[in-house]
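One-letter residues, chain by chain:
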Amino acid sequence: YEASQSESHNRFVWLLVQILIHISKIDGNVSREEVSTIQNFFQYNLRYSQTQMSWVKNLIKEAITSEQTLDQHLAEFKQSFAYEPRLILLELIYQLIYTKEPIPQQEVDVARKIASFLEISAYDLNTIEAKFKYRSRQAQEQSINGAAKHYATLGLEQGASKDDIKKAYRKLSMQYH
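Residues numbered from 1 in each chain as written. Predicted model: local features only at pLDDT ≥ 70, side-chain atom pairs only at ≥ 80, totals over all residues. Heavy atoms only, no water.

Draft legend 1. Structural view of the pattern of salt bridges. Evaluated as defined, the whole model comprises eight salt bridges. Its salt-bridge partner being Arg 11, residue Glu 76 comes within 2.5 Å of it at the nearest N-O pair. Of this pair, Glu 76 sits in helix H4 (residues 70-80) while Arg 11 sits in helix H1 (residues 7-25), and the two are 65 residues apart along the sequence. Relative accessible area serves as the criterion here: at 28%, Arg 11 is assigned to the partly exposed category. Residues Lys 100 and Asp 27 are paired through a salt bridge, measuring 3.4 Å at the closest nitrogen-oxygen approach. Of the two residues, Lys 100 is situated in the loop between helix H5 (83-97) and helix H6 (105-117) and Asp 27 in the loop between H1 and helix H2 (32-45); the sequence distance between them amounts to 73 residues. A relative accessible area of 42% means that Asp 27 is categorised as partly exposed. Counted as one network, the salt bridges with shared partners bring together Asp 27, Glu 34, Lys 100 and Glu 107. (Salt bridge = Lys/Arg side-chain N within 4 Å of Asp/Glu carboxyl O. Helix = DSSP H or I, 4+ residues; strand = E, 2+ residues; numbered from the N terminus. Buried < 20%, exposed > 50% of the residue type's maximum accessible area, 1.4 Å probe, protein only.)

Pasting the structure below:
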């Protein structure tokens, strides 16, 4: 499969897997849930076939034993890919972090540093963080009123002005439509 794809596609997948495994290793352990989260992205979001998934599984095994640093991979990712792939990477990083209970603050801090390094806007970072924060099992156990979820989706704090809400809504609708 790898030979049939463009160099750019192969490099994107390779870097993505390398970075995600590095994030998984922060706590010293790559859990089944983390590996499953990575595989699910390729299988369900990118609709990879069994052959493609076999390639991804090999990349994961390779990444677990890799000696290269996270900083090297992030620098190459930033240099090679535009803003949207960086957002995908950041969202996947948060997906990995939120597979754990309780959510490790050290990993959230690393994700924020990565967002800063990749030049992700504060607005986009807050939106992604809020999305996972309110989806987490901890948050589901607490009684969160509906308004807080909606503000979080827009990347706003509760009590934002109508103008701020309209601006955030328009920005998200332009981004995703």
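Draft legend 2. Structural detail: unusual backbone geometry. Of note, the bond from Glu 101 into Pro 102 is cis; its omega dihedral lies within 30 degrees of zero at -10°. One can find Pro 102 in the loop between H5 and H6. Phi angles above zero are rare outside glycine, and Arg 47 is one such case at about 55°. Residue placement: Arg 47 occurs in the loop between H2 and helix H3 (50-65). A residue is classified by how much of its surface remains accessible, and Arg 47, at 66% relative accessible area, is exposed. In the Ramachandran plot, Glu 119 falls in the positive-phi region, its phi being about 60° despite a non-glycine side chain.

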